[in-house]
Amino acid sequence: MTAYQKYWNTTITQLLNAIDASEGLRTNIIGVLQNSMLTGVFPNQVINALRIALSIKEGHKNVGFVAPMQSGKSGTAYVLCNYVLPEIGFIKEKESILFVTSMRDTDLYEQNRKNLEADFFDFASQEHKPSYIQVIKMNEFFKHPNPHKVVNDFDVRLIVRDEDQYGAGEESSFKMAFFDELRRRMPDIKLLAVSATPYDILEAHFSEEHYDVDIVEGERPPQYYGITEMLEEGVVEDYPKNFRPLQSQMVDGEEVFTVHPKVHEYVDHLLAFEDGLGIIRTSNTTRALELRDQLRKMYKRSITCVAIGSDAGCNYKIQEGLEEVKKMITKQGKRVVLIVVQALTAGKDLKLLKEKVRFGIETRDKQLANGAQGITGRLCGYHNNRNFKLMASVHLLEHYAEFEQDWEIFAEDEWRNGLYNGKVKGLSTHTKFQQEQKQGMFTPIVKMEQYTYQDLLTEKVKEALYFLDEEAYDRLLAMFKPEFYERNTKGERFKTEGVTVRIASSYNSKSNRVYNNWECTMNADFGNIFFKKQQYEYGLLISNYPAHDDRNPKGFCGVKVLQSGSPVYKSQKTSVVSPSMYRKEQEEDEADFYVA
């Protein structure tokens, strides 16, 4: 018995005892594991299912399940719903569990229906039983009269939300259907959110509001081959400078295309095998089809080059294309270069083709979930193929690998700053980066006042602006006269020691620094607002256009006065901006909930 076998035997026993498992459940766990090659259930999935069950039994209303890509999350759900939850009394014979596919992907929906709604074999009673799981598409879940109808019709006790990173925005369909409607009317219904990249969930958990969330971390068996292992073994190569698979330049007024030398290098690696698959992911259909045609001309019959995607010019739709490519390679022994237009993301399983992949070129590098879940993510899982070349953003994948090993690193400034400084714009569809503070000197704002032009004409305000002498005060008032703001005032100096200004009439309407900074708060950096490295005690934002003038978007004619404090050195701070449904405060009549 290996060390890992001893570990999972001990862990499963401990978890079974923790949930006070029945003899029937213990018999079923033994049965599914002894017949893993037939049941498709493996120890890591059993451990995951038992951990989730324990969380539910402890009373958590929402649970987040975080597990590596292609590690068996759907299998975990199957074991949980059909073997574990019925035996701990959470679900009865005629009740159901709703599995919501977050991606509007018919192929993935059909795949989930086939796998998750399949009958299961009860080893305790020695009979086949119907699955407790009902699979539904996201758009069907919230279509009237759902979600209430489907929940009532199938007597649903738990909702499992697959690929939780999709459609999780404040205006998302799931937010409207679940939190705004179903959870409000049925406050006790439970939610299990599943993802390898659950960044909106974690952002809500680590936010200032600190929503409660019970995270169950998926088991990572030693046989699993993921992004961490790929990086450790040096499989991943970073992009050359300004890399694009298809290069173009204008020659005599005509656009001429050339295939990047790195693509040739990777195709040559494919040619070293009798059969196999090379994958190139692109974002533009026109360039994808041009790349396909160029490769066909160059390599002729030595490769078969096809493009898959949703556009009419592609050879196949995504899932149909994957099935055809599998036949070309496994049945016909071909070498295939597959050009994927945009989508090859979460939920797409290459299955047996993983053993035949010879190279992958992943061009997405601006969003962590998208870049990791693409070609690289599809090569994760349980296979023995180590002889492939992969080009992707090493910087992005290194940060994903750190998260994969420790999901709590999500909250660390150094990790976020590293991604942001490497030009990764966001974590997922609904979680974007925003730099709150650059590294360097920070000049705080200690006082802020706002005065209209009419206020400036009063003695009271004149006294309040005591730091301006008579001549300076007259210059300030003159800036509100048409003869001043109608002329070119760019470069105008205020000529008062300790005071710096920005004047609205000195900027164009598209980039007016006065109005861009008008809504600044006491937390802002005085030095950034006035773009000054030397120390000034006061800064004036002068909106000198009349309030009704089209050039005055704030409708305020006057001055905002900022007083600076002593400069201090600050480290970089990168925050996450999320319009996620998980950040929405619930109405008073809604029950409190844990965010999953």
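## Some words on the sheet that holds strand E21 (residues 499–503)
Step number 1: Strand order in the open sheet formed by 4 strands is E20-E23-E22-E21, with mixed pairing between adjacent strands. Two strands in the sheet have a free side with no partner beyond their single neighbour: strand E20 (445–452) and E21. Going across the sheet, the axis of each strand differs from the next one's by a mean of 15°, ignoring polarity.
Step number 2: Relative to strand E22 (residues 538–543), E21 runs parallel, the two being bridged by 5 bridges. Each bridged residue has a counterpart across the sheet, and for Thr500 the counterpart in E22 is Gly539.

## Thoughts on the nonpolar core
Step number 1: Counting residues in hydrophobic clusters, the biggest one holds 50 residues, and the most contacted among them are Met230, Leu277, Tyr400 and Phe403.
Step number 2: For this core, the secondary-structure elements that each account for two or more residues are helix H11 (227–232), strand E12 (276–282), strand E13 (304–308), helix H14 (318–330), strand E14 (335–341), helix H15 (368–373), helix H17 (394–405) and helix H18 (413–421).
Step number 3: Per element, the largest residue contribution to this core is 6 residues, and it comes from H17.
Step number 4: With residues near it in sequence (within four places) discarded, Met230 still touches Tyr225, Val235, Val236, Thr376, Leu379, Cys380, Phe388 and Leu390.

## Here's the deal with the side chain of Glu404
Step number 1: Along the chain, Glu404 falls in helix H17.
Step number 2: Excluding residues within four positions of it along the chain, Glu404 makes contact with Pro68, Arg220, Tyr224, Ile227 and Thr228.

## Considering helix H6 (residues 106–116)
Step number 1: Within H6, burial applies to Leu108, Tyr109, Asn112 and Leu116. For H6, the arc enclosing every buried residue in end-on projection is 100°, short of the 170-degree limit, so these residues lie on one face.
Step number 2: Each element contacted by the buried residues of H6 is listed here: helix H5 (73–87), strand E2 (96–101), strand E5 (133–137) and strand E6 (156–162).

## Regarding the packing of aromatic side chains
Step number 1: Within this structure, the stated rule accounts for 16 aromatic pairs.
Step number 2: When the centroid spacing of 5.1 Å and the interplanar angle of 75° are considered together, the rings of Tyr83 and Phe120 count as edge-to-face. With Tyr83 in helix H5 and Phe120 in strand E3 (residues 120–122), this pair connects stretches of sequence that are 37 residues apart.
Step number 3: Site record: aromatic cluster; members linked through ring pairs are Tyr400, Phe403, Phe410 and Trp415.
Step number 4: Over the aromatic face of Phe494 sits the side chain of Arg475, whose NZ or CZ is 5.3 Å from the ring centroid.

## Re the packing of helix H4 (residues 43–57) against H5
Step number 1: Where H4 contacts H5, the axes come no closer than 8 Å and their chain directions differ by 60°. The angle between the axes of H4 and H5 places the two elements in the oblique class. The hand of the H4/H5 crossing is right-handed. Contacts between H4 and H5 involve Gln45, Asn48, Ala49, Leu50, Ile52, Ala53 and Ile56 on the former and, on the latter, Gly75, Thr76, Val79, Leu80, Val84 and Leu85.
Step number 2: Per-class residue counts for the contact of H4 with H5 are 9 nonpolar, 4 polar and no charged.

## Remarks on the pairing of strand E11 (residues 254–259)
Step number 1: In terms of strand pairing, strand E10 (residues 246–251) meets E11 through 6 bridges, oriented antiparallel. Paired with Gln249 across the bridge in E11 is Val256.
Step number 2: Adjacent in sequence and paired antiparallel, E10 and E11 are bridged by 2 residues, among which Asp252 carries a positive phi angle near 55°.

## Focus on the sheet that holds strand E8 (residues 214–217)
Step number 1: Read across the open sheet, the 6 strands follow the order E5-E2-E6-E7-E1-E8; overall the sheet is parallel. Where the open sheet ends on each side, the last strands, each with one partner, are E5 and E8. Direction aside, neighbouring strands of the sheet carry axes that sit 25° apart on average.
Step number 2: Where E6 lies against strand E7 (residues 190–195), 4 bridges are found, and the strand directions are parallel.

## With respect to the environment of Pro198
Step number 1: Here Pro198 shows up in the loop between E7 and helix H10 (199–206).
Step number 2: When the C-alpha positions of Pro198 and Gly64 are compared, they lie 8.2 Å apart, and in sequence the two are 134 residues distant.
Step number 3: Once you skip the residues sitting within four places of it in the chain, Pro198 turns out to touch Val66 and Phe403.

## Comments concerning the pattern of salt bridges
Step number 1: Here the structure, examined in full by the defined rule, presents 21 salt bridges.
Step number 2: Notably, a salt bridge pairs Glu95 with Arg157, separated by 3.6 Å at the nearest N-O pair. Within this pair, whereas Glu95 is found in the loop between H5 and E2, its partner Arg157 is found in strand E6, the two being separated by 62 residues in sequence.
Step number 3: Between Glu265 and Lys389 there is a salt bridge whose closest N-O contact spans 3.3 Å. Taken together, the residues span a long stretch of sequence, with Glu265 in helix H12 (residues 261–271) and Lys389 in strand E16 (residues 389–391) at a distance of 124 residues.
Step number 4: Judged by relative accessible area, Glu265 falls into the partly exposed class, the value being 32%.
Step number 5: Here the salt bridges do not stand alone but share partners, grouping Glu237, Lys262, Glu265 and Lys389 into one network.

## A few points about the environment of Gln319
Step number 1: Checked against the element boundaries, Gln319 lands in helix H14.
Step number 2: Residue Gln319 is classed as buried on the basis of its relative accessible area of 17%.
Step number 3: Apart from the residues within four sequence positions on either side, Gln319 is in contact with Asp107 and Lys348.

## Some words on the confidence of the model for the protein chain
Step number 1: This prediction gives the protein chain a mean pLDDT of 86; 87% of its residues lie at or above 70.
Step number 2: Below a pLDDT of 50 lies the segment residues 167–173, which in the model reaches 24 contacts outside its immediate sequence neighbourhood of four places, other chains included.
Step number 3: Predicted confidence is poor over residues 580–596, with pLDDT under 50, and the contacts of this stretch with residues over four places away or in other chains come to 65 contacts.

Reading the values: the criteria
- Per-chain numbering applies: the sequence of each chain, read as written, is numbered from 1 onward.
- pLDDT decides what is reported in this predicted model: residues at 70 or higher carry local features, side-chain atom pairs at 80 or more are listed and counted, and totals for whole chains, interfaces and linings draw on all residues regardless.
- Computation of side-chain values: all heavy atoms of the structure, hydrogens and water removed.
- By the convention used here, strands pair only if DSSP detects at least 2 bridges between them.
- In this description a helix means any DSSP run of H or I spanning at least four residues, a strand means any run of E spanning at least two, and both kinds are numbered starting from the N terminus.
- Helix axes use the C-alpha atoms of the stretch in contact, all axes being lines fitted to C-alpha atoms, and the angles between their N-to-C directions lie in the range 0 to 180 degrees.
- We define a nonpolar core as any set of buried Ala, Val, Leu, Ile, Met, Phe, Trp, Tyr and Cys residues linked to one another through side-chain atoms lying within 4.5 Å.
- Per-residue accessibility, obtained with a 1.4 Å probe over protein chains only, is compared with the maximum for each type, and a residue is labelled buried under 20%, exposed over 50%, and partly exposed between these values.
- Contacts are assigned to residue pairs with any non-hydrogen atoms lying within 4.5 Å of each other.
- The directions from the helix axis to the C-beta atoms form the arc being described.
- Centres within 6.5 Å make a pair out of two Phe, Tyr or Trp rings, where for Trp the six-membered ring is used; the pair is then stacked when the planes are under 30 degrees apart, edge-to-face when over 60, and tilted otherwise.
- Think of it as a cone above the ring: NZ of Lys or CZ of Arg counts as a charge over the ring if it is within 6 Å of the ring centre and within 35 degrees of the ring normal.
- Note that the term roughly parallel is reserved for angles under 35 degrees, roughly antiparallel for angles over 145, roughly perpendicular for angles of 65 to 115, and oblique for everything else.
- Take the far helix as your reference; a near helix turned counterclockwise from it by less than a right angle gives a left-handed crossing, and one turned clockwise gives a right-handed crossing.
- Put simply, Ala, Val, Leu, Ile, Met, Phe, Trp, Tyr, Cys and Pro go in the nonpolar bin, Asp, Glu, Lys and Arg in the charged bin, and everything else, Gly too, in the polar bin.
- Basic side-chain nitrogens of Lys or Arg form a salt bridge, by our definition, when they fall within 4 Å of a carboxyl oxygen of Asp or Glu.
- Values of pLDDT, which run from 0 to 100, indicate the predictor's confidence residue by residue.

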